[in-house]
Amino acid sequence: MSRIASIFADPRHKALIAYVTMGYPNMEETLQVVPRLASCGCDAVELGIPFSDPLADGATIQEASHVALQGGVTPQKCLEEAARLRDLVDVPLLFMTYFNPVLSFGPERFCRAASKAGIDGLIITDMPPEEGEDVELSAVKEGLDLVYLLAPTSTEERVRLVTQRSRGFIYLVSVTGVTGARKQLPEYLEQFVARVKKVASQPLCVGFGISSGALARRAARVADGVVVGSRLVQFMRDGQSQGLESFVKGLRGALDNVGQPDSCKDRAQGHNRGYQ
């Protein structure tokens, strides 16, 4: 069992996966925030490698990538700092990136270096499984889980293909759009998750738009975990370390009580605390 798969070993436990952009607002902050996220209840952390053309990301993460790139963050720098993070935390670490940086680095070389740095998995946002054979072979060779994404618009053929190829878990994109904290999740979320569950044996995690405990709880009622990114990046942008920790602990509490009905406070947060 991989380190990523182990966080889903208990079906009663809902996984909380955090995303941060490496080098935002600076690399030292990345090295500080990842251990804090783990201590507050995150089961895994996605480390975003900044890219100049992040088409799947909204304004918050686009800005974070731009700042990190301006600060000199490169894939090689991310590999070096990931190795430092592996010495600081025991939770699974995944690189989240785009295909071009991996292709430029060389898929085999990149996977080897990522594994050596202590990375457990890869999420390559714009790489469909039809084009991922070289990366997939290298990832398997190096013991990395290659996580594929599915969107609500994914065809039945694509759903079947991803369920055959994704390792660790399947990343379900909650909306047909870019990343970003939102006021609410789409009405069709439950139907989307149910459609994938019919053919998937892997755990399913919902991302894009989780910005409150109420939204996290709703997603976790039908999925195995949630991914939270843009709202965390906003806390980091604003220098609100205490706010970030309180928010993450609130998410952890919401997931640990996923079978409980939403409180009035949660419902208010779910409808009113969205950020674009």
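Sequence order as written defines residue numbering, which begins from 1 separately in each chain. Note on the predicted model: pLDDT of at least 70 is required for a residue's local features to be given, and 80 or more for side-chain atom pairs to be given and counted; whole-chain, interface and lining totals, by contrast, use all residues. Only hydrogens and water are set aside; all other atoms, that is, all heavy atoms of the structure, feed into the side-chain values.

J.: What is the right way to look at the nonpolar core in this model?
T.: Most often, soluble globular proteins keep nonpolar side chains buried together rather than apart. Counting residues in hydrophobic clusters, the biggest one holds 70 residues, and the most contacted among them are Leu47 and Phe95. By the convention used here, residues are in contact when the closest approach between their heavy atoms is within 4.5 Å. With residues near it in sequence (within four places) discarded, Leu47 still touches Val20, Met22, Val34, Ala82, Leu85, Leu93, Leu94, Phe95, Met96 and Ile119. Note on terminology: a nonpolar core comprises buried Ala, Val, Leu, Ile, Met, Phe, Trp, Tyr and Cys residues joined through side-chain atoms within 4.5 Å. Partly exposed residues are those whose accessible area sits between 20% and 50% of the maximum for their type, while under 20% is buried and over 50% is exposed, using a 1.4 Å probe and protein chains only. The next biggest cluster of nonpolar side chains, apart from the first, holds 23 residues, and it includes Ala64, Val175, Cys205 and Phe208.

J.: I tried to follow the sheet that holds strand S4 (residues 121-124) on my own but got confused; where do I start?
T.: Note: strands within a sheet are paired through backbone hydrogen bonds, in either parallel or antiparallel orientation. Ordered by their spatial adjacency, nine strands build an open sheet running S5-S4-S3-S2-S1-S9-S8-S7-S6, and the pairing between neighbours is parallel. Each of the sheet's edge strands pairs with one partner strand only, and the pair in question is strand S5 (145-147) and strand S6 (149-150). Two strands pair under a simple rule: DSSP has to find at least two bridges between them. Helix and strand assignments come from DSSP, with helices taken as H or I runs of at least 4 residues and strands as E runs of at least 2, each series counted from the N terminus. Summarising the sheet, strand S1 (residues 15-21) and strand S9 (residues 225-228) pair through four bridges and their orientation is parallel. Bridge assignment links Ala15 to a residue of S9, and that residue is Gly225.

J.: Would you mind going over helix H4 (residues 75-86) with me for this structure?
T.: Counting along an α-helix, one turn takes 3.6 residues, and residues three or four places apart therefore face a common direction. For a helix, the expected span equals 1.5 Å multiplied by the residue count minus one. Counted at 1.5 Å a residue, the expected span for H4 with its 12 residues is 16 Å, and the 16 Å between its end C-alpha atoms agrees. Listed as buried for H4 are Cys78, Leu79, Glu81, Ala82, Leu85 and Arg86. In this fold, the buried residues of H4 make contact with helix H1 (3-6), helix H2 (27-39), strand S2 (44-48), strand S3 (93-97), helix H5 (99-105) and helix H6 (107-116).

J.: Even after reading the chapter, I still don't get the confidence of the model for the protein, so can you show me in this structure?
T.: Caution applies to low-pLDDT regions: their predicted coordinates should not be interpreted in detail. Confidence of the predictor in every single residue is expressed as pLDDT, which spans 0 to 100. Taken as a whole, the protein shows an average pLDDT of 91; of its residues, 91% reach a score of 70 or greater. Between residues 177-182, whose pLDDT stays under 50, and residues either more than four places distant or in other chains, the model counts 32 contacts.

J.: Could you clarify how one ought to interpret the pairing of S4 in this entry?
T.: Consecutive side chains of a regular strand alternate in pointing toward one face of the sheet and then the other. The two faces of S4 match: Gly121 and Ile123 on one face and Leu122 and Ile124 on the other face are all buried. Pairing of S3 with S4, which is carried by four bridges, proceeds in the parallel orientation. Bridge pairing in S4 links Thr97 to Ile124. Pairing of S4 with S5 involves three bridges; the strand directions are parallel.

J.: Got a minute to help me understand the pattern of salt bridges in this structure?
T.: Oppositely charged side chains may form a pair once their charged atoms are brought near each other. Criterion for a salt bridge: a side-chain nitrogen of Lys or Arg within 4 Å of a carboxyl oxygen of Asp or Glu. Inspection of the entire model under this criterion finds 18 salt bridges. Where Arg12 meets Asp10, a salt bridge forms, and the shortest distance between an N and an O atom there is 3.1 Å. With a relative accessible area of 30%, Asp10 lands in the partly exposed category. With a closest N to O distance of 3.0 Å, Asp256 and Arg252 form a salt bridge. Separated by four residues within a single helix, Asp256 and Arg252 lie in helix H12 (residues 241-256), roughly one turn from each other. For Asp256, a relative accessible area of 49% puts it in the partly exposed group. Here the salt bridges share partners, and the residues they tie into one network are Glu28, Lys77, Glu81 and Arg84.

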